[in-house]
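# Working through the structure, step by step
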Amino acid sequence: GKGCVKFVTGDELPADAEPLSLLWTMLWKIDSVTGKKVRAKARCCQRGDLAKPFVHYDPAVQYSPTPSMTAAKMVITMGLKPGIFLLKFDVTAAFTKASPGRRTWLFTPQGMHQYDDLGRKMLLEQMSNLYGSVDAARRWLDLAFEQIIAMGFRRSLWDPCLMRMTMPKAEVAE
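Below or above, wherever it landed, is the structure these notes cover. (Residues numbered from 1 in each chain as written. Predicted model: local features only at pLDDT ≥ 70, side-chain atom pairs only at ≥ 80, totals over all residues. Heavy atoms only, no water.)

## As for the overall build of the chain
We count it as follows: Only DSSP runs of H or I reaching four residues or more are called helices, and only runs of E reaching two or more are called strands; each is numbered from the N terminus. All radius of gyration figures rest on C-alpha atoms, and the globule criterion is 2.2 Å times the number of residues raised to 0.38. By the convention used here, residues are in contact when the closest approach between their heavy atoms is within 4.5 Å.
Of regular secondary structure, the chain possesses 2 helices and 7 strands. Its C-alpha atoms give the chain a radius of gyration of 21 Å, more than 25% over the compact-globule value 16 Å for 174 residues. With the C-alpha coordinates of the chain rotated into their principal frame, the extents come out at 80 × 45 × 30 Å. Taking contacts inside the chain between residues at least 6 apart in sequence as the whole, the part at least 24 apart equals 65%.

## Points about the pairing of strand β5 (residues 123-126)
Going by this rule: Exposure categories follow from relative accessible area, calculated using a 1.4 Å probe and restricted to protein chains: below 20% of the type maximum is buried, above 50% is exposed, and the middle band is partly exposed. Strand pairing is assigned whenever DSSP identifies at least 2 bridges connecting the two strands.
Covered by surrounding structure in β5 are Leu123 and Glu125 together with Leu124 and Gln126, the residues of both alternating faces. Both strand β1 (residues 5-8) and β5 contribute to a ladder of 4 bridges, which runs antiparallel. Within β5, the position partnered with Phe7 by the bridge is Leu124. Two elements, strand β4 (residues 105-106) and β5, share 2 bridges in a ladder whose sense is antiparallel. Bridge pairing links Leu106 to Leu124 in β5.

## A look at the sheet that holds β4
Sheets are built from strands paired through backbone hydrogen bonds, the pairs being either parallel or antiparallel. Strand order in the open sheet formed by 3 strands is β1-β5-β4, with antiparallel pairing between adjacent strands. Because the sheet does not close on itself, it has two edges, and the strands there are β1 and β4.

## Some thoughts on empty space enclosed by the protein
Stated precisely, the cut-off is as follows: Buriedness of a pocket was judged along seven lines, with at least five required to meet protein on both sides within 12 Å; pockets are open sets of points on a 1 Å grid over the protein atoms alone, cavities are sets where a 1.4 Å probe fits but cannot get out, and lining residues have an atom within 4 Å of a point. Grid points are joined across faces, edges and corners, and a volume is the space filled by probe spheres set on the points. Residue type decides the class: Asp, Glu, Lys and Arg count as charged, Ala, Val, Leu, Ile, Met, Phe, Trp, Tyr, Cys and Pro as nonpolar, and the leftover types, Gly among them, as polar.
Taken as a whole and judged by the stated rule, the model has 1 cavity of 30 Å³ or more. There is about 60 Å³ of room inside the largest cavity. Lining the largest cavity, in full, are Gln46, His56, Tyr57, Pro100, Gly101, Arg102, Thr104, Gln126, Asn129, Ser133 and Asp135. Among the residues making up the lining of the largest cavity, the classes are represented as 2 nonpolar, 7 polar and 2 charged.

All we've got here are geometric facts, nothing functional implied.
Structural data, given as structure tokens:
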């Protein structure tokens, strides 16, 4: 997403800053019918494998739940009942919609370097959540659940990824 990072000079970093590296991932989207390349897709990801606990993320806020297989089977079965509607959605660049857990500085990836007026290589300040960060999934999920609950859904006590909404019965005209 746009605005995920901003260029900063080395002078703007705190003395104890430990910048992380970024990694470009690139792939071709393939048409499922023709098997031909449709478009290229690229994503710049934080190297979360290099992140240090308490420096780049809070270890207490990294777990992100996923739906249990039992919940998935139950939902599919319930969806067979008349009057029950199953919904799913996808959010473009989802992780970047959430805010980062803490201030993080990043080295620019190859081909993206910019230099300050003194000719020094600039760094990046992370302005939003990035794919690859240790807590990225949790931060996105917290934001998504907040929005889904605001829409009137209730979260299951049994499975944290199971949400439901009871709609008022429709008036049937005779």
